[in-house]
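One letter stands for each residue in the lines below.
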Amino acid sequence: RNRRRSLLALAVLVAGFVALALAAGFVAQTFEGLSEGAIRGGLGHLQILKAGALEAEEDRSLGAALPEGEALAARLRRDPDVAEVLPRSSFMGLLSTGPHSVAFLGTAVDPGREARFMDVEARIRNGAVAPGGRGSRWLSEDPAAREVVLGIGLARSLQATVGSSLTLMATTKDGALNALDVEVVGLQDLGLKELNERSLVVSLGSAEQLLDAGGARGRLSVVLKRPERLDRVLPRLAALAGPGAEARPWTELASFYRQVRLLYVAIFGFMFLVLGLVVLLATANVLLMGVMERVRAFGVLRALGLKPGQLLALLQWEALWMGAAGSALGLAATLLLRAGLNALHVQMPAPPGSSHGYELNIHFVPAVYLGVALLLQAVLQLSALFPGLKAARLRITEALRHV
């Protein structure tokens, strides 16, 4: 008897479910992308570094290095929760083509381990190649190779291409000036303009020759087999590292991640608040109007012997089935739309502070779907309760005369 009203209520429920569920899937993708970018960008799940190293000045990074970094890395790899330990060192200096010199921020890594556990291939960008040269690539695992991967902005500043020969200049741990000739084998995009203009990567072997650092390592990035065990593993690895070192989780080291996450939480939180209020008010309004327009029908039911409590229960059951049907249809519509949008491979614009965009991939978030269904159901039950109480208290004669 009320097909149009019932269909309208179902349409509002389905639209509300889809809007909230898809928005939550997009937020989940955004936060996962931020965390994975930080972890696979070189931080790992935790880092072992010398006590007080974070407070040390950048130009004295060797003084704040782990003196027996390689030996410590070997011990940490024997831990059952550790998938790999990636030694790395940071240093500063000048990069020269002869006529031009530019300051750089260098990172020395183990090329093989870095390629297997960090997202290095995604950062490599094609660039201009010298005649007869090869395409842009990552560092080789040959310990004798003297190679460098430049940030795209740094390469642009020096007008360097893949195959160019450059000279690295830096101070050793004793303060002496040293130089090393290297070949550009790749260009990388780190996502931030400032990093692209100053960053370069060399192998640990090249850095040892340039800096005379021996087995010292600036920090050890630890990749865990089961990241969810980070809180349990962290104290054990800190104790294994010894009194002169400390262990820090990636969340403490990724300042950019924390800042962007706070920004997104504020933006998405406000968006969810507005969207949620619109959905809830629309849902409540449709059901309230549906109940109030049926007061005369309720009067007839009361005249036929239906008790006030039975009338109230009838409305609650109606809201229950309406919510279940709306949530089921909303879930089906959400899954279909999610699959369709993901199949389109939509390219999103670059987020704040990034130099490139990313592909839209709305995540499947069962907990959110359940939460949205329960929230809509609660709104329906409350929306049916108050007018139901009012209709149940009406006298039969008043209900029959209601217009």
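Computed from a prediction, not measured in an experiment: that's the story for all the values here. (Residues numbered from 1 in each chain as written. Predicted model: local features only at pLDDT ≥ 70, side-chain atom pairs only at ≥ 80, totals over all residues. Heavy atoms only, no water.)

A.B. asks: In this structure, what is going on with the side chain of S199? I would like to understand it.
C.D. replies: With respect to the element layout, S199 can be found in strand β8 (residues 199-203). Not counting chain neighbours up to four residues away, the residues in contact with S199 comprise L105, L150, G151, L154, Q188 and L190. (Helix = DSSP H or I, 4+ residues; strand = E, 2+ residues; numbered from the N terminus. Contact = heavy atoms within 4.5 Å.)

A.B. asks: Would you explain the packing of aromatic side chains in this entry?
C.D. replies: Two aromatic rings, taken as a pair, are described by how far apart their centres are and by the angle between their planes. On inspection of all chains with the given rule, the structure shows three aromatic pairs. Centroid distance F17 to Y369: 6.3 Å. Interplanar angle 40 degrees. Geometry classified as tilted. Here the residue F17 occupies a position in helix α1 (residues 3-43), and Y369 occupies one in helix α12 (residues 366-393), the gap between them amounting to 352 residues. Using a relative accessible area of 5% as the deciding quantity, one classes Y369 as buried. Here F364 and Y369 contribute two aromatic rings whose centre-to-centre distance is 5.4 Å and whose plane-to-plane angle is 70 degrees, an arrangement assigned as edge-to-face. (Phe/Tyr/Trp six-rings, centres within 6.5 Å; stacked < 30°, edge-to-face > 60°. Buried < 20%, exposed > 50% of the residue type's maximum accessible area, 1.4 Å probe, protein only.)

A.B. asks: For this particular structure, what's the right way to read a nonpolar patch on the surface?
C.D. replies: A cluster of nonpolar side chains, F270, L273, V274, L277, V278 and L281, forms an exposed patch at the surface whose accessible area comes to about 610 Å². The residue L273 is located in helix α9 (residues 255-292) in this model. (Patch = residues over 30% accessible without salt bridge, like charges linked within 9 Å, V, L, I, M, F, W, Y side chains within 5 Å. Areas by Shrake-Rupley, 256 points an atom, 1.4 Å probe, with all protein chains shown as cover. Salt bridge = Lys/Arg side-chain N within 4 Å of Asp/Glu carboxyl O.)

A.B. asks: I keep staring at empty space enclosed by the protein and nothing clicks. Help me out?
C.D. replies: Empty space among the atoms can be located by rolling a probe the size of a water molecule over them. In the structure shown here, the tally under the stated rule is one cavity of 30 Å³ or more. A volume near 50 Å³ is recorded for the largest cavity. S89, A207, E208, A213 and R217 are, among the 10 residues lining the largest cavity, the residues nearest its centre. Of all the elements, helix α6 (residues 204-211) adds the most residues to the lining of the largest cavity, at four residues. A per-class count over the lining of the largest cavity returns seven nonpolar, one polar and two charged. (1 Å grid on protein atoms, 1.4 Å probe; cavity = no way out; pocket = protein on both sides within 12 Å on 5 of 7 lines; lining within 4 Å. Points joined across faces, edges and corners; volume = space filled by probe spheres on them. Nonpolar A, V, L, I, M, F, W, Y, C, P; charged D, E, K, R; others polar.)

A.B. asks: Explain unusual backbone geometry to me, please; I cannot follow it from the model alone.
C.D. replies: Glycine aside, a negative phi is what most residues show, and trans is what most peptide bonds show. A positive phi angle, near 55 degrees, is found at Q159, a position not held by glycine. Looking at the secondary structure, you find Q159 in the loop between α4 (152-158) and β6 (165-171). The phi dihedral of H345 falls on the positive side, at around 55 degrees, and the residue is not glycine. By secondary structure assignment, the location of H345 is in the loop between α11 (308-343) and β11 (347-348).

A.B. asks: I would appreciate a short explanation of the pairing of strand β1 (residues 46-50) in the present structure.
C.D. replies: Each regular strand carries side chains that alternate between the two faces of the sheet. Burial analysis of β1 places four of its five residues in the buried class, which makes it a mostly covered element. Note: β1 against strand β9 (residues 219-224), four bridges, orientation antiparallel. Considered in β9, the bridge of I48 is made with L220. In this sheet, strand β10 (residues 245-249) lies alongside β1 in antiparallel orientation, the contact comprising five bridges. Paired with L49 across the two strands is E246, which belongs to β10. (Pairing = 2+ DSSP bridges.)

A.B. asks: Mind showing me how you'd approach the pairing of strand β5 (residues 147-151) here?
C.D. replies: Along β5, five of the five residues are buried, which leaves the element largely enclosed by surrounding structure. With five bridges joining them, β5 and strand β7 (residues 177-188) adopt parallel strand pairing. For G151, the partnering residue across the bridge sits in β7 and is Q188. For β5 and β8, the ladder comprises three bridges, and the chain directions are antiparallel. The partner of V149 across the bridge, within β8, is V201.

A.B. asks: Explanation requested: the nonpolar core in the structure shown.
C.D. replies: The nonpolar side chains of soluble globular proteins are, as a tendency, buried together. With 31 residues, the main nonpolar core has L46, I48, L76, L220, V222, L237 and W250 as its most contacted residues. Among the elements that line this core, the one with the most residues is α1, at six residues. Residues contacting L76, with those up to four places away along its chain left out, are I48, V82, V85, L220, V222, L237 and L240. In this structure, V148, L150, A207 and L210 belong to the second largest nonpolar core, which totals 26 residues. (Core = buried A, V, L, I, M, F, W, Y, C linked by side-chain atoms within 4.5 Å.)

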